[in-house]
Amino acid sequence: AKQGKVSKMKKGEILMVNIGSTAAGGRILGIKDNDSAKVALTNPVCTQEGDKVALSRRIDKHWRLIGWGSILKGTTVNPIS
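Let us look at the structure shown here. Everything numeric here is computed off the predicted structure, so don't read it as measured data. (Residues numbered from 1 in each chain as written. Predicted model: local features only at pLDDT ≥ 70, side-chain atom pairs only at ≥ 80, totals over all residues. Heavy atoms only, no water.)

Here we come to the pattern of salt bridges. Taken as a whole and judged by the stated rule, the model has 1 salt bridge. Close ionic contact of Arg-57 with Glu-13 constitutes a salt bridge, the shortest N to O distance being 2.5 Å. Taken as a pair, Arg-57 in strand 4 (residues 52–59) and Glu-13 in the segment before strand 1 (14–19) lie far apart in primary sequence, 44 residues in all. For Arg-57, a relative accessible area of 10% gives the class buried. (Salt bridge = Lys/Arg side-chain N within 4 Å of Asp/Glu carboxyl O. Helix = DSSP H or I, 4+ residues; strand = E, 2+ residues; numbered from the N terminus. Buried < 20%, exposed > 50% of the residue type's maximum accessible area, 1.4 Å probe, protein only.)

Below you can see the structure in the form of structure tokens.
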């Protein structure tokens, strides 16, 4: 089944974000005009700025790759000792 063009990401949308070998759910908090988006991940991911990410959207009960990008910046979470 041939799919059409991928629609733009929307604020509040849930995506699957693959960073390296790690998959995490993410909710889009905001999108800027320069195609950068702020995404809140469901769980912390060990990564660094500049790492590549793949974005997948739920289409017909399957996760479909819709795009890729790289990490511009993030929040450091300290582990609970």
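Structure's up, so let's keep going.
Here the focus is the environment of Lys-73. For Lys-73, the location among the structural elements is in the segment after strand 5 (62–70). By relative accessible area, which is 71% here, Lys-73 ends up exposed. Sequence separation between Lys-73 and Thr-47 is 26 residues, and the spatial gap between their C-alpha atoms is 10 Å.

Since its relative accessible area comes to 15%, Glu-13 is described here as buried. A polar side-chain atom of Glu-13 sits 3.1 Å from the main-chain amide nitrogen of Lys-10. For Glu-13, the side chain forms a polar contact with the side chain of Arg-57, separated by 2.5 Å. Those residues within four positions of Glu-13 in sequence are excluded, and the remaining contacts are Lys-8, Gly-26, Arg-27, Ile-28 and Arg-57. (Polar contact = N/O pair within 3.5 Å; in protein donor to acceptor, adjacent residues only side chain to side chain. Contact = heavy atoms within 4.5 Å.)

The topology assignment puts Gly-26 in strand 2 (residues 22–31). Classification of Gly-26 as buried rests on a relative accessible area of 2%. Residues Gly-26 and Val-53, spaced 27 residues apart in sequence, show a C-alpha to C-alpha distance of 12 Å. With near-sequence residues (within four places) excluded, Gly-26 lies in contact with Glu-13, Ile-14, Leu-15, Val-17, Val-39, Ala-40 and Leu-41.

Before going further, it helps to spend a moment on the pairing of strand 4. Pairing analysis gives 4 bridges linking strand 1 to strand 4, with the strands arranged antiparallel. Counterpart to Ile-19 in the pairing with strand 4 is Val-53. In terms of strand pairing, strand 4 meets strand 5 through 8 bridges, oriented antiparallel. Its bridge partner being in strand 5, Ala-54 is matched across the sheet by Trp-68. (Pairing = 2+ DSSP bridges.)

By themselves these figures say nothing about function.
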